[in-house]
Amino acid sequence: MDYKYMAEPYKIKMVEPIAVTTREQREEALKKAGYNTFLLDSEDVYIDLLTDSGTNAMSDNQWAGLMLGDEAYAGSKNFKHLQEAVRELYGFKHVVPTHQGRGAENLLSQIMIKPGDYVPGNMYFTTTRAHQELNGATFRDIIIDEAHDPQNEHPFKGNIDLRKLQDLIDEVGAEKIPYICLAVTVNLAGGQPVAMSNIKDVYALAQKHNIKVMMDATRCVENACFIKQREPGYAHKTIKEIVREMFSYSDGCTMSGKKDGIVNIGGFLALNDDDLYQKATSLVVVYEGMPSYGGMTGRDMEALARGMYESMDYHFISHRLDQVKYLGDRLMAAGIPIVKPVGGHAIFLDAKAFYPQIPQDEFPAQMLAAQLYLQSGVRSMERGIISAGRDKDGNHHYPKLELVRLTIPRRVYTYSHLDVVADSVIDLYKEREKVKGLRFVYEPPVLRFFTARFEPIK
Ligand code: F0G
């Protein structure tokens, strides 16, 4: 069957009502939240695009799996199922369950990093870099330059620049680089994928210098689908085959099951090396739990194992990418400035281009997220100057990208919901000239985006 956007490959058997509010109610709620979408109550939100993390809808098969939880303190059979899923689908020998992705990042950073080391990566993710730095490493961004340009249409904008990697090896020496952190896809670049050829080249160069490659597997299925759709030679391969091949060029991975595991909580560290696994198991008992459950219940491990198998279905993942693309296409057709090409999990609005009259230190992206909520009850997330924070001298970091992220949860919303989002953004764009910025009422000292409060500049 020929279609431009794939229809939902599932039908609805249970529903969760969501709040339909009036503009007056939203004005009230936004004021109460200090113009910060992180501080809104979920029950005041109509369409929640804050994140795709842990906001997935599980299948009937996963819910059935919850009833089969084996909550033994040790040797749960659900752990065995998770182990089978990781071995069969990702190809790693060992798995250490953790409460979510950052739990795995904590273990990996502690067992591999020595103070003074360098960890290169294709752009950073906040928690990943924080764990590397907490263990004494310096992070180096070795993503291709194209990733920093919102208008560049490179099909694999998550790729690593091999020259930047070689330069770092020449500069600090391979013995100071415990591993390369390779994210598939790259969240903060806009959900951009990495090509198989690039993954292969990175692994070859790393092996030559005896450096390990550790994947951030959080959105690996999205990455595999982009490879199938865009990279020559992969159109006829299954998602399962592509995922296996991707991981065959690595030594392990950290995984947030809350994304491509299609669950609400959970994650793991996967490894091939026996010694590293031994080290990880001696740490996991301190931070998470026994090595056969880590931070998870038996039922949660069962749901994750089942979710991992479901995620290999081409219809599941191509529908997901089509939903994101649909929203992107509608916005681009109306001339709305967004990050291109459209990535795997979200649309990123370019707030600098949307509200050019608002100086960056009057927070255009924060204001755009607030206006979108006010207009239609859609919740999004600022990814700009507020998220970037201040430097040691107390001055704002001024990031190049001043963005609002519209993140699509898996299997939760329909194309009709995305029409509401698109119509609302388009309406706001028509009235963009009238809008002014925000100023702080309260600014917390760290990770200010979570709890800061603002008021509009009159
Ligand atoms: N790596 C990536 C690429 C992520 O996007 C996230 C989480 C993590 C690691 C950490 O995983 O949340 O399970 O501990 N991203 C969420 C987001 C929070 O909204 O993008 P976690």
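Residues numbered from 1 in each chain as written. Predicted model: local features only at pLDDT ≥ 70, side-chain atom pairs only at ≥ 80, totals over all residues. Heavy atoms only, no water.

Digging into the sheet that holds strand E12 (residues 403–407)
Working definition: the strands of a sheet are paired by backbone hydrogen bonds and lie parallel or antiparallel to each other. Across the sheet, which stays open at both edges, the 3 strands sit in the order E9-E12-E11 with antiparallel pairing between neighbours. On the outer flanks of this sheet lie strand E9 (346–350) and strand E11 (381–383), each paired with one strand and no other. Direction aside, neighbouring strands of the sheet carry axes that sit 30° apart on average. Pairing of E9 with E12, which is carried by 5 bridges, proceeds in the antiparallel orientation. Across the sheet, the residue bridging to Asp350 is Leu403, located in E12. Here helix H12 (residues 314–333) sits on the sheet in contact with E9 and E12, set at roughly 25° to E9. Relative to E12, helix H14 (residues 364–376) is tilted by about 40°, and along the sheet it contacts E9, E11 and E12. (Pairing = 2+ DSSP bridges. Helix = DSSP H or I, 4+ residues; strand = E, 2+ residues; numbered from the N terminus. Axes fitted to C-alpha atoms, helices over the stretch in contact; angles between N-to-C directions. Contact = heavy atoms within 4.5 Å.)

Here's the deal with the pattern of salt bridges
The full count for this structure, using the stated rule, is 28 salt bridges. Taking the shortest distance from any N to any O, the salt bridge between Arg299 and Glu71 comes out at 3.4 Å. With a gap of 228 residues between them, Arg299 in helix H11 (residues 298–310) and Glu71 in the loop between helix H2 (60–66) and helix H3 (77–90) connect regions that are remote in the sequence. With a shortest N-O distance of 2.8 Å, Arg390 and Glu443 are connected by a salt bridge. Placement of the pair is Arg390 in the loop between helix H15 (385–388) and E12 and Glu443 in the loop between strand E13 (438–442) and helix H17 (448–451), with a sequence separation of 53 residues. Overall, the relative accessible area of 35% leaves Arg390 in the partly exposed class. In this structure, a network of salt bridges that share partners links the residues Asp52, Arg219, Glu222, Asp260, Arg320 and Arg410. (Salt bridge = Lys/Arg side-chain N within 4 Å of Asp/Glu carboxyl O. Buried < 20%, exposed > 50% of the residue type's maximum accessible area, 1.4 Å probe, protein only.)

Some remarks on the pairing of strand E6 (residues 212–216)
For a regular strand, side chains alternate in direction, first toward one face of the sheet and then toward the other. Most of E6 sits out of view: 4 of its 5 residues are buried. Inspection of the sheet shows strand E5 (residues 179–183) paired to E6 by 5 bridges, in the parallel sense. The partner of Ala183 across the bridge, within E6, is Asp216. The parallel pair E5 and E6 is bridged by helix H7 (residues 196–208), and the resulting crossover is right-handed. With 3 bridges joining them, E6 and strand E7 (residues 252–256) adopt parallel strand pairing. Across the sheet, the residue bridging to Asp216 is Thr254, located in E7. (Right-handed = clockwise from strand over helix to strand, strands pointing away.)

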